[in-house]
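Residue-level listing of the chains:
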Amino acid sequence: MKIGITSAFFQHYRAGTWFYTLNLLRAFDALPEAAKRFCTIDFLDRAVPGLEHIRHRTFPFPDTKLAKIFWPNLVLPRVAGRDKFDVIHATTHYGTFMPCRYRNVITVTDVSPLLHPETHGRGQVMYHRYILPQVLKRADAIITISHSSKKDILSCFRLPEKKVHVIH
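What counts, and at which threshold
- Residues numbered from 1 in each chain as written.
- Predicted model: local features only at pLDDT ≥ 70, side-chain atom pairs only at ≥ 80, totals over all residues.
- Heavy atoms only, no water.
- Salt bridge = Lys/Arg side-chain N within 4 Å of Asp/Glu carboxyl O.
- Helix = DSSP H or I, 4+ residues; strand = E, 2+ residues; numbered from the N terminus.
- Pairing = 2+ DSSP bridges.
- Axes fitted to C-alpha atoms, helices over the stretch in contact; angles between N-to-C directions.

Engineer: Break down the pattern of salt bridges for me, with residues and values.
Structural biologist: Throughout the structure, instances matching the rule amount to four salt bridges. Each of Arg57, Arg82 and Asp83 takes part in one network of salt bridges that share partners.

Laid out in structure tokens, this is it:
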């Protein structure tokens, strides 16, 4: 099984998502045959530091605010299908809503832009309100970090409960 893990958006921040993704990749890197099974995917040529076995693939796209929407939907499905990935795991809420040939897993840590829009920028609120519902509908599985986050995700979006998995 060939698994791609998007590393494009988490590297801009040194917060919870960054630690989550880095530790996930380190755990995968330690598995036997990691080099054959896992690959980080980014639109910038910026490999995750400290990984010994996991390859890094770059599918270029301009580093703009629009990259968060366009890269996962225009570039990623095409190249991931061409390169025969079985699963793509988006470790942030920036995922694809386009048809794809691979299993689509996305991590959503919270939906605070919907619950507390006054504490977030307009772009984040708009993304969560209009684009994230389409991304979650297309996802085969959604990972979240707590039962509270799962409850919030299920109350904000019409999703089958069995699609949302809590992994602490």
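Engineer: So, unusual backbone geometry: which residues are in play, and what are the values?
Structural biologist: Notably, Glu33 is not glycine yet its phi reads approximately 60°, a positive angle. Relative to the helices and strands, Glu33 is located in the loop between helix H1 (16–29) and helix H2 (34–37). Backbone geometry at Lys84 places phi at a positive 60°, although glycine is not the residue there. Residue placement: Lys84 occurs in the loop between helix H3 (67–82) and strand E4 (87–90).

Engineer: Please provide a residue-by-residue account of the sheet that holds E4, values included.
Structural biologist: With parallel pairing, the seven strands of this open sheet are ordered in space as E3-E2-E1-E4-E5-E6-E7. The sheet is open, and its two borders are formed by strand E3 (55–58) and strand E7 (164–166), each paired with just one other strand. With direction set aside, neighbouring strand axes in the sheet form an average angle of 25°. As judged from the four bridges shared by strand E2 (residues 38–42) and E3, these two strands associate in the parallel manner. Pairing of Thr40 across the sheet is with His56, part of E3.

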